[in-house]
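# Overview (structure and organization)
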Amino acid sequence: MELHNNSTTFEISGASSQVQEKLNKPQRTRHKSLQFEEDLIHEEDSRLIYVNDWRRTNDKYEFTGNEIRTSKYTLITFLPKNIFIQFHRVAYLYFLGIAALNQLPPLAVFGRTVSLFPLLFVLSVTAVKDGYEDWRRHRSDEVENNREALVLCVHQFQKKKWKKIQAGEVVKICANETIPCDMVLLGTSDPSGIAYVQTMNLDGESNLKTRYARQETASTVLDVGAISGLIRCEQPNRNIYEFRANMEFNGQRCPLNQSNIVLRGCQLKNTEWVIGVVVYAGQETKAMLNSTASPSKRSKLEIYMNRETLWLSVFLFIMCLVVALGMGLWLERHKNHLDTLPYYRKRYFTTGRSSGKTYKYYGIYMETFFSFLSSIIVFQIMIPISLYITMELVRLGQSYFMIEDNHMYDSISDTRFQCRSLNINEDLGQVRYVFSDKTGTLTENKMEFQRASVYGKNYGSSLISLDLLEENGSVHATTVKGRGQKLKSQIAIDNELMQLLHKDLAGDERIAAHEFFLTLAACNTVIPIPTPSSSCMESGSHETRAIDYQGESPDELALVAAASAYGYTLFERTSGHIVIDVNGEKLRLDLLGLHEFDSVRKRMSVVIRFPNNTVKVLVKGADSSMFSILAEDSGRNSHVRHATQSHLTEYASQGLRTLVVAAMDLTDEELSEWQCKYEDASTSLTDRSVKLRQTAAFIECNLNLLGATGIEDKLQDGVPEAIESLRQAGIKVWVLTGDKQETAISIGLSSKLLTTDMNQIIINGNSEDECRSLLADAKAKYFVKSLDCRNKYVKYKKDAEITLDRTKSSSTPQQHAEKEEEVQSTSHALIIDGNSLVYVLEKDLESELFNLATSCKVVLCCRVAPLQKAGIVDLIKSRTDDMTLAIGDGANDGYILFTAFSTTSALTDLSSVFYSLIYTSIPTIVVGILDKDLNDETLLQYPRLYGAGHRQESYNMHLFWITMIDTLWQSLVIFFVPVFIYSESSIDIWSMGSLWTIAIVILVSVHLAMDIQRWILVTHVAVWGSIIITYGCMIAVDSIPIFPNYGTIYHLAKLPSYWLSIFLILTIALLPRFLFKIIRQSFWPSDIQIAREAEILGDQPDNLHSTSSKASG
């Protein structure tokens, strides 16, 4: 789908100035500056590669070596860089400040070691985790860099480590080996210079790609001593679909293109060996230039927590300011009695050298300031560092259950769900945009030939396998089976069409069927790979050949396999001829030229010469481009044309991929003129693609229609249902694929991503001005507004729905408004190709694309490079707060303790630490892992319920401030209820602290219990067990004589006022929250609450809010 390289550090030393400039651009610019010009390669901006002379090659330019580095850290940078990344969490800065303040003697409220331990523990654990992950990257880099390849050295190939390979060296790669760098092919084991590579690591495609060595070098490459020459190529860039260069060899100058280069990361397949010269190495290879540095992943919840931490810090500052002000007023009021009041003394009262000297008193102003700082330390529990530890443990527990979920286990491949990043679990519930690849994600990348329209007649409505035909004694099946070849995969055929193909070669329909399947077998770039196998028959054992086809396009493979099933087996292909087995007879056809498919022509053609010297051009392509180049209708041709169009409509409605097939005879004059144009165009260094299109247009005209095909692209199980569920959940699905536009559209239809009632907005531009014009026309035609304007329109529309209709003064504006609303109510689908994105992903056109794309229900991006995929994702992430998903993926309340205006804590150091680590951590972790709003069956049945996540119904600023107010109320209740009850008693501060501790723990537990939706045994044990554990710890601590709170719990537990205080605290503190929940759920219930009640009662929640569906849309 996308490149899965780890984060890459681009370290280019001594590169040319232009390469330096390209590689040193900011990351954001690199997403957009995909300038793949078609200009001529000039001397001054080209890269010179001297074949088999790496010293001369690197003498002037000092190109980078082939060593790569994908790790983030080194031994020197690990500590400072890791700490810097960790302190992106604002709370860590807060905790660091608290720990620093607590080290000062006048402010040491808690033990100095105690205040440092939590922060150091969290930093250390995270650093160990990050260090381990980066160590794995270092180990992977080391393995990659120390792999070996055969490099030509002193007229023989010797093993050399990848990291030591230089530009200009000649490298030999053997079958199934990985390409170590970007190389121009000089020769292959195939005499015609053909090689096959798998590019899955680059573009996600598993099909083999064909690459060629120039004939000028392929014939001499075995003489290693004669390997020399000069390659003039473009500077390194990220375009994996294009390469422009030329080569001087033996006094000749020949052009090079993408078909002559193999890229780093590809694997050599079905080819014994290839020899090539290195043109780009290391960080300058296209694979590494497309691998962007992965940012540190932080969830949206964590980002919000940073925001809330800032607000809490402001609130904390105000509180401490109030305390300090009160402290100053209190000191001023009692300044003459400080020697006789608790906590403050001006002088020592002991005998000896210290008698009469100043004792921990610095004056009113300094004491006030110290009181402010001490208050910060005392109130630090408002932002507990244990919160982050709890979150990490909750994520770890959630990931365990996700991995072990049997519903996400694939028994066929024996694979489970994998959670590779623990930082973003909670983001899965807030996704608004899904960016998906096609190959292997939506589809299995397996296509089957289903329907055929041949000479106006429809076939394929009833298919039967060859094996079944043979069992029924069909002579046609016996003929096919006895050809001596067989496909590795069996294909169902239409018996009526098979009978037509075995009639005598006479009649227009029979001739059209013959040419139809000849076109399917010949008009492609598929390579047949015959392998001998033994098959036992009743008459004995005889040798047969199992044909395996390899090609770049899966639909071509399906067409060739279908032709073989009907008796037209592609048996051999070279650069000069092809051999087709036609019902057991070998037919050798000379291959005079081939015009490959492109997004402009939307068709492919091949020129072949038959044994009788007849020359034909065989063409297949999209119906939108084929019917305009057919011969004029006349009689029977008109009937065939209209029937074929009707069949195509039928195939498209079934979600099949369609192609139209046609052919034409070429005269000797036409052939000669075409050959001259074809040779000039294929060797041109400038505007080569344009000239080849013009040459193709010369022969792709006045064609005779033969028929059409319908292919089913096999989808992954459940894809249409999953896409429909995502749509109901309010999630927009964008497909980003490297496939052709027609392929993507066909997949969109078959997967139900695209529907027949959608307006398809197609953007195929070849320049910036053309793309700007197409975007503007689309926005004007479909009344597309900016995102802000759309939000205002939605608000206006909601307001209008609750107002009375008013008489319109003019009908024209009303009609225009009605038309605009009608167009806007229709779903739109944006389809844009990678060539257009080259110009659109610039700052001046990005906003136009964003407004158009976000107004569409579906977006299909075709023929896009990996970095363009990243640019599309960044388009949404940089302009909205919506969560994006690219496929290729309650806490402790802080309560405030006051002790008059003094900053003396009523809690011991152990109580403060135990509160976060023991008393309240376990329930939060257990509930965070195990609690759930609804059963999975309900959520799957009503996908619209997912919308609560990206609408942030459970966590937003409004709820945050309500919780803050509720927390303030509970804190006041906790403080003043015991103070009021014990106002006339002689209870000491440690007894009051003990009461506050148990009251807080019970209050937090009951508070948490009010929000739990799913009670199980583990939840009961965790919540109520925490109260028991708290009592147990308090008894143990209060039994130690050396502590100042020795024996307080034994004394308090005997007093009725102790239990009365706890009861009143719980009742008064939780009453407002209880009433708020009752009123809200009774009068303004959410969709989840309705579904939960229906789940309990066993009803169907058919009355889900319509507003949710509107919001989801």
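Residues numbered from 1 in each chain as written. Predicted model: local features only at pLDDT ≥ 70, side-chain atom pairs only at ≥ 80, totals over all residues. Heavy atoms only, no water.

Another aspect to go through is the pairing of strand 22 (residues 568-573). Burial runs high along strand 22: 5 of the 6 residues are buried. Inspection of the sheet shows strand 22 paired to strand 23 (residues 577-582) by 5 bridges, in the antiparallel sense. Bridge pairing in strand 23 links E572 to V579. Between the antiparallel neighbours strand 22 and strand 23 lie 3 residues. (Buried < 20%, exposed > 50% of the residue type's maximum accessible area, 1.4 Å probe, protein only. Helix = DSSP H or I, 4+ residues; strand = E, 2+ residues; numbered from the N terminus. Pairing = 2+ DSSP bridges.)

Attention now moves to the environment of I762. Considering the arrangement of structural elements, one finds I762 in strand 30 (residues 759-763). Taking relative accessible area as the criterion, I762 reaches 36% and is therefore assigned partly exposed. Ignoring anything within four residues of it in the chain, the contact list for I762 reads Q741 and I831. (Contact = heavy atoms within 4.5 Å.)

What follows deals with the sheet that holds strand 10 (residues 252-256). A sheet is described by the order of its strands in space; here 4 strands give the open sequence 1-8-9-10, paired in antiparallel fashion. At either end of the open sheet lies a strand with only one pairing partner, and these are strand 1 (47-50) and strand 10. Across the sheet, the mean angle from the axis of one strand to that of its neighbour is 20°, orientation sign disregarded. (Axes fitted to C-alpha atoms, helices over the stretch in contact; angles between N-to-C directions.)

What follows covers the pairing of strand 25 (residues 603-609). Most of strand 25 is tucked away: 6 of the 7 residues are buried. The pairing of strand 24 (residues 585-595) with strand 25 spans 5 bridges and is antiparallel. From the neighbouring strand, L594 faces strand 25, where its bridge partner is V606. In this sheet, strand 26 (residues 615-621) lies alongside strand 25 in antiparallel orientation, the contact comprising 7 bridges.

Picture the strands of a sheet paired through backbone hydrogen bonds; they go either parallel or antiparallel. The sheet built from 6 strands is open, its strands ordered 30-31-32-29-16-33 with parallel pairing. The outermost strands of the open sheet, each flanked by one partner alone, are strand 30 and strand 33 (883-886). Ignoring which end each strand starts from, the neighbouring axes of this sheet average 15° apart. Note: strand 16 (residues 431-436) against strand 33, 4 bridges, orientation parallel. From the neighbouring strand, Y433 faces strand 33, where its bridge partner is T884.

What follows is about helix 35 (residues 989-1011). The terminal C-alpha atoms of helix 35 lie 33 Å apart, and with 23 residues this matches the ideal 33 Å at 1.5 Å per residue to within 8%. Among the 23 residues of helix 35, 18 are classified as buried, and the element is accordingly described as predominantly covered. (Expected span 1.5 Å × (residues − 1).)

Summarising the element assignment, A562 is placed in helix 17 (residues 554-565). Note on A562: relative accessible area 0%, which makes it buried. Sequence separation between A562 and A521 is 41 residues; the distance between their C-alpha atoms is 8.7 Å. Not counting residues up to four positions away in its chain, the partners in contact with A562 are F449, I491 and F517.

Looking now at unusual backbone geometry. A positive phi angle, near 65°, is found at N52, a position not held by glycine. Residue placement: N52 occurs in the loop between strand 1 and helix 3 (54-61). With relative accessibility at 31%, the residue N52 sits in the partly exposed group. Positive phi, close to 70°, is recorded for N613, a residue that is not glycine. Exposure remark for N613: the relative accessible area of 57% places this residue in the exposed category.

Judged by nonpolar contacts, the single largest core of 74 residues is most densely connected at F517, I580 and L703. Excluding residues that lie within four positions of it along the chain, I580 makes contacts with L518, A521, A522, Y568, T569, L570, F571, E585, K586, L587 and L589. In terms of nonpolar packing, the next biggest core, distinct from the first, is built from 49 residues, V151, W162, I173 and V277 among them. (Core = buried A, V, L, I, M, F, W, Y, C linked by side-chain atoms within 4.5 Å.)

Secondary-structure assignment places I68 in the loop between helix 3 and helix 4 (78-86). Assessed through its relative accessible area of 8%, I68 is described here as buried. Note: C-alpha distance between I68 and G282 (214 residues apart in sequence) is 5.4 Å. Those residues in contact with I68 that lie beyond four places of it in its chain are D141, E144, N145, R264, G282, Q283 and M288.

Close contact between helix 34 (residues 957-981) and helix 35 brings their axes to 11 Å; oriented N to C, the two are set at 145°. Along this stretch, helix 34 crosses helix 35, giving a crossing that reads as right-handed. Where helix 34 abuts helix 35, its residues D966, Q970, I974, F975, P978 and V979 lie against M992, L995, W996, I1000, L1003 and H1007. Of the residues that constitute the contact of helix 34 with helix 35, the class distribution is 9 nonpolar, 2 polar and 1 charged. (Left-handed = near helix turned anticlockwise from the far one by under 90°. Nonpolar A, V, L, I, M, F, W, Y, C, P; charged D, E, K, R; others polar.)

A few words now on helix 5 (residues 90-102). Across its 13 residues, helix 5 extends 19 Å between first and last C-alpha, which sits within 8% of the 18 Å expected from 1.5 Å per residue. Taken together, the buried positions of helix 5 are A91, Y92, Y94, F95, I98, A99, L101 and N102.

Another aspect to go through is the packing of aromatic side chains. Enumeration over the complete set of coordinates arrives at 23 aromatic pairs. Taking 6.3 Å as the distance between ring centres and 25° as the angle between the ring planes, the aromatic pair formed by Y304 and Y955 counts as stacked. Judged by its relative accessible area of 13%, Y304 falls in the buried class. Judged by its relative accessible area of 30%, Y955 is partly exposed. Aromatic side chains F517 and Y566 sit 5.0 Å apart centroid to centroid with 35° between the ring planes, which places their arrangement in the tilted category. One end of the pair, F517, is in helix 16 (residues 508-522); the other, Y566, is in the loop between helix 17 and strand 22, and 49 residues separate them in sequence. Here Y566 falls in the buried class, since its relative accessible area comes to 2%. Three or more aromatic residues link up through ring pairs in this structure, and these residues are F449, F516, F517, Y566 and Y568. The ring centre of F63 lies 3.7 Å from the NZ or CZ of R47, which sits over that ring. Above the face of the F850 ring, R879 is positioned so that its terminal group lies 5.9 Å from the ring centre. (Phe/Tyr/Trp six-rings, centres within 6.5 Å; stacked < 30°, edge-to-face > 60°. Lys NZ or Arg CZ within 6 Å of the ring centre and 35° of its normal.)

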